[in-house]
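# Architecture and fold: a report
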Amino acid sequence: MGRVSGKVALVTGGGSGIGKGAAELLAQEGAKVVVSDLVAADAKTVADGINKAGGVAMSLHHDVTDEKRWVEVMAEIKKSYGGLHILFNNAGIALGGMTWEQSLEDWRKQTAVNLDGVFLGCKHGIPLMRDSGGGSIIITSSIAGLQGSPGLSGYCATKGGVRLYAKAVAMECARAGFNIRVNTVHPGVIETPIWTKIPGNVFGGNRANAIDPNAFATATAPLKRAGKPLDIANGVLFLASDDSAYMTGSELVIDGGVVAG
Ligand SMILES: NC(=O)c1ccc[n+]([C@@H]2O[C@H](COP(=O)([O-])OP(=O)(O)OC[C@H]3O[C@@H](n4cnc5c(N)ncnc54)[C@H](O)[C@@H]3O)[C@@H](O)[C@H]2O)c1
């Protein structure tokens, strides 16, 4: 028996990085996994890999900023797998730039994915989870949701926003008696493709060179390495499973010690 056997999980942004790692681990531990992503081909590759490895998965093209699509995604999950127990609200983007340089367009684009996308996931996921007997919502925040990071102020606003949003939704679900827990996970510097999308000047370097997460983490994290997607997936599995049955409105920091210092 796996730690999430018999459960159905939706992982947004599941086509890459942390989402991919979590989708694969949840499947290994017995969940039926819906891998959703803006990049449909990446979601399909991850779901195909899970099925080939003996797990059960399907993929969906899904833009988390599109409310109509959320309604369709929930209907497809109900039709294909009968319910939903684990919702990993993970899709996110990082658009760097000092506040006085950032365009309102970029601010809104980032907020639409990182904050609106999480709201829509909870709004449309909670009714299906409640009707499935309850479950666990995990939201990907960041250490940038716990401390200020110059050059990532807009990103910090979204990641700090989901941190407190999760606590409020946790209270709402508890009060309503839905048997749904809501927690955030706070990754530090994790080796994923997101870093190739952040211009190097965010942390004072050259705009043309993307940041190397390994070099950055070696210099800044007490454990002197970048994390791997599996380091975060292990925490997500814990929050998804009954091992964390008494945790709600809480936050799990997995960052090689960065915010402790
Ligand atoms: N990698 C890190 O160091 C790090 C640290 C802290 C937090 N995070 C957070 O972890 C989460 C996953 O990031 P990652 O590092 O795996 O990055 P990634 O770029 O590898 O994966 C993000 C995925 O989200 C998808 N996505 C983007 N916009 C979307 C949208 N509108 N709808 C649906 N999917 C969309 C992308 O296509 C991609 O597959 C993000 O929320 C990110 O902010 C990452």
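This text gives an overview of the structure that appears in the document. Quantities reported herein were computed from a predicted structural model and do not represent experimental measurements.

### Let's talk about the sheet that holds strand E4 (residues 86-89)
On the basis of which strands lie adjacent, the open sheet formed by seven strands has the order E3-E2-E1-E4-E5-E6-E7 and parallel pairing. Of all the strands in the sheet, the pair left with one neighbour each is strand E3 (56-61) and strand E7 (251-254). On average, adjacent strands in this sheet sit at an angle of 15° to one another, irrespective of strand direction. Both strand E1 (residues 8-12) and strand E2 (residues 32-37) contribute to a ladder of five bridges, which runs parallel. Bridge pairing links Val11 to Val35 in E2. Taken strand by strand, helix H7 (residues 229-240) contacts E4, strand E5 (135-140), strand E6 (180-187) and E7, and its axis lies near 165° from that of E6.

### Here's the deal with the pattern of salt bridges
Scanning the model with the defined rule gives twelve salt bridges in all. The residue Lys68 makes a salt bridge to Glu72 at a minimum N-O spacing of 3.6 Å. Taken as a pair, Lys68 and Glu72 lie in helix H3 (residues 67-81) at a separation of four residues, close to a single helical turn. Judged by its relative accessible area of 61%, Lys68 is exposed.

### Focus on the environment of Ala47
Inspection of the secondary structure puts Ala47 in helix H2 (residues 40-52). With relative accessibility at 3%, the residue Ala47 sits in the buried group. Spatially, the C-alpha atom of Ala47 lies 33 Å from that of Glu172, the residues being 125 residues apart in sequence. Not counting residues within four places of it along the chain, the set of residues in contact with Ala47 comprises Val35, Ala57, Met58 and Ser59.

### Notes on the site of the ligand
Within the structure, the ligand sits among 29 residues, and Ser16, Asp37, Tyr155, Thr192 and Lys197 are positioned closest to it. One of the backbone nitrogen or oxygen atoms of Leu38 is found 3.3 Å away from a nitrogen atom of the ligand. Interatomic distance of 3.3 Å between a backbone N/O atom of Gly188 and an oxygen atom of the ligand. When the ligand is considered free in solution it has 830 Å² of accessible area, and contact with the protein chains removes 95% of it. Contributions of two or more residues to the shell around the ligand are made by helix H1 (17-28) and helix H5 (153-176). Taken together, the residues of the shell around the ligand sort by class into 14 nonpolar, eleven polar and four charged.

### Describing the side chain of His85
Tracing the chain through its elements places His85 in the loop between H3 and E4. Residue classification places His85 among the buried residues on the basis of a relative accessible area of 15%.

Reading the values: rules and limits
Each residue is numbered by its place in its chain's sequence as written, counting from 1. Since the coordinates come from a predicted model, pLDDT governs what is reported: local features require at least 70, and pairs of side-chain atoms require 80 or more to be given and counted, while whole-chain, interface and lining totals use all residues. Side-chain measures were taken over the full set of non-hydrogen atoms in the model, leaving aside hydrogen atoms and water. Only strands joined by at least two bridges in the DSSP assignment are considered to pair. Only DSSP runs of H or I reaching four residues or more are called helices, and only runs of E reaching two or more are called strands; each is numbered from the N terminus. Working convention: axes come from line fits to C-alpha atoms, limited for helices to the stretch in contact. Angles between N-to-C directions cover 0 to 180 degrees. Here a residue-residue contact requires only that any non-hydrogen atoms of the pair lie within 4.5 Å. For this document, the term salt bridge refers to a Lys or Arg side-chain nitrogen within 4 Å of an Asp or Glu carboxyl oxygen. Remark: exposure states derive from per-residue accessible area (1.4 Å probe, protein chains only) relative to the maximum for the residue type, with buried under 20%, exposed over 50%, and partly exposed in between. Residues are labelled near a given molecule or strand when at least one of their non-hydrogen atoms is within 4 Å of it. Side-chain atoms alone can form a polar contact between residues adjacent in sequence; in general such a contact is a pair of N or O atoms within 3.5 Å, and within protein one must be able to donate a hydrogen while the other accepts it. What sets the accessible areas is the Shrake-Rupley method with a 1.4 Å probe; for residues, cover comes only from the shown protein chains. Residue classes follow a fixed rule: Ala, Val, Leu, Ile, Met, Phe, Trp, Tyr, Cys and Pro count as nonpolar, while Asp, Glu, Lys and Arg count as charged, and any other residue, Gly among them, counts as polar.

Keep in mind these numbers describe shape, not what the thing actually does.
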